[in-house]
Amino acid sequence: MSRTVLAIDIGSSALKAVLFSQHGAMLAVRSASIATASGADRSQTQDPAGWWAALVSALADMPDREDIEALVFTGSMQNLIVLSPEGEALAPAALYSDR
């Protein structure tokens, strides 16, 4: 059994997932696109469900998933996501790049 670390970056155009060995060697890289809607007023939004779909897609054929010992998440964190009390998104997320 080899111990691994899975790093996931939720970017403004794609989700990237990288699997590293315990020694820092890159073992696998996967990515999945994230759709962005642009309004006439220069607004930019994304459907938070699209982030989940991109994660599922990127990890679908990731090797050695059973050996993952740690997860690292990063992403553009200045987005506005309006949630219900149950944690469900009530509207598309307004992106930091929204003007």
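Anything mentioned here points back to the structure above.
Residues numbered from 1 in each chain as written. Predicted model: local features only at pLDDT ≥ 70, side-chain atom pairs only at ≥ 80, totals over all residues. Heavy atoms only, no water.

(A) A look at the overall build of the protein chain. Within the protein chain one finds 1 helix and 7 strands. When the elements of the protein chain are put in sequence order from the N terminus, they spell out β-β-β-β-β-α-β-β. Across its three principal directions, the C-alpha atoms of the protein chain cover 50 × 30 × 20 Å. When each of the 99 residues of the protein chain is scored for burial, the buried share is 28%. Within the protein chain, residue pairs in contact and separated by at least 24 positions form 49% of the contacts whose partners lie at least 6 positions apart. Of the roughly 6,400 Å² of accessible surface on the protein chain, 56% is carried by carbon and sulfur atoms. Taking the average place of the 6 positive charges on the side chains of the protein chain and the average place of its 11 negative ones, the gap between the two points comes to 9 Å. (Helix = DSSP H or I, 4+ residues; strand = E, 2+ residues; numbered from the N terminus. Buried < 20%, exposed > 50% of the residue type's maximum accessible area, 1.4 Å probe, protein only. Contact = heavy atoms within 4.5 Å. Areas by Shrake-Rupley, 256 points an atom, 1.4 Å probe, with all protein chains shown as cover. Lys, Arg positive; Asp, Glu negative; His and termini not counted. Charge placed at Lys NZ, Arg CZ, Asp CG, Glu CD.)

(B) Inspection of the environment of Ile 8 at higher detail. When you line up the elements, Ile 8 lands in strand E1 (residues 4-10). The exposure class of Ile 8 is buried, given its relative accessible area of 3%. C-alpha of Ile 8 to C-alpha of Leu 27: the two residues are 19 residues apart in sequence and 14 Å apart in space.

(C) Here's a closer look at unusual backbone geometry. Although it is not a glycine, Arg 42 adopts a positive phi angle of roughly 75°. With respect to the element layout, Arg 42 can be found in the loop between strand E4 (37-38) and strand E5 (44-46). When its relative accessible area of 53% is taken as the criterion, Arg 42 is described as exposed.

(D) Local environment of the nonpolar core. Ranked by size, the top nonpolar core spans 15 residues in total, and within it Leu 6, Ile 8, Leu 15, Ala 17, Leu 59 and Met 62 carry the most contacts. Every element with two or more residues in this core is listed here: E1, strand E2 (14-21), strand E3 (26-33) and helix H1 (48-59). Ranked by the residues each element gives to this core, the list is headed by H1, at 5 residues. Setting aside chain neighbours within four positions, we find Met 62 in contact with Leu 6, Ala 17, Leu 19, Ala 28 and Arg 30. (Core = buried A, V, L, I, M, F, W, Y, C linked by side-chain atoms within 4.5 Å.)

(E) Structural context of the pairing of E3. Sheet topology places E2 next to E3; 7 bridges connect them, and they run antiparallel. Opposite Ala 17, over in E3, you have Arg 30 as the bridge partner. In textbook terms, the turn of a hairpin is the stretch between consecutive antiparallel strands, and for E2 and E3 this stretch comprises 4 residues, one of which, Gly 24, has a positive phi near 95°. (Pairing = 2+ DSSP bridges.)

(F) Layout of the sheet that holds strand E6 (residues 68-75). Across the sheet, 4 strands lie side by side as E3-E2-E1-E6; this open sheet has mixed pairing. Each having just a single partner strand, E3 and E6 make up the two edges of the open sheet. Neighbouring strand axes in the sheet, compared pairwise and without regard to direction, differ in orientation by 15° on average. Pairing geometry for E1 and E2, over 7 bridges, is antiparallel. Within E2, the position partnered with Val 5 by the bridge is Phe 20. (Axes fitted to C-alpha atoms, helices over the stretch in contact; angles between N-to-C directions.)

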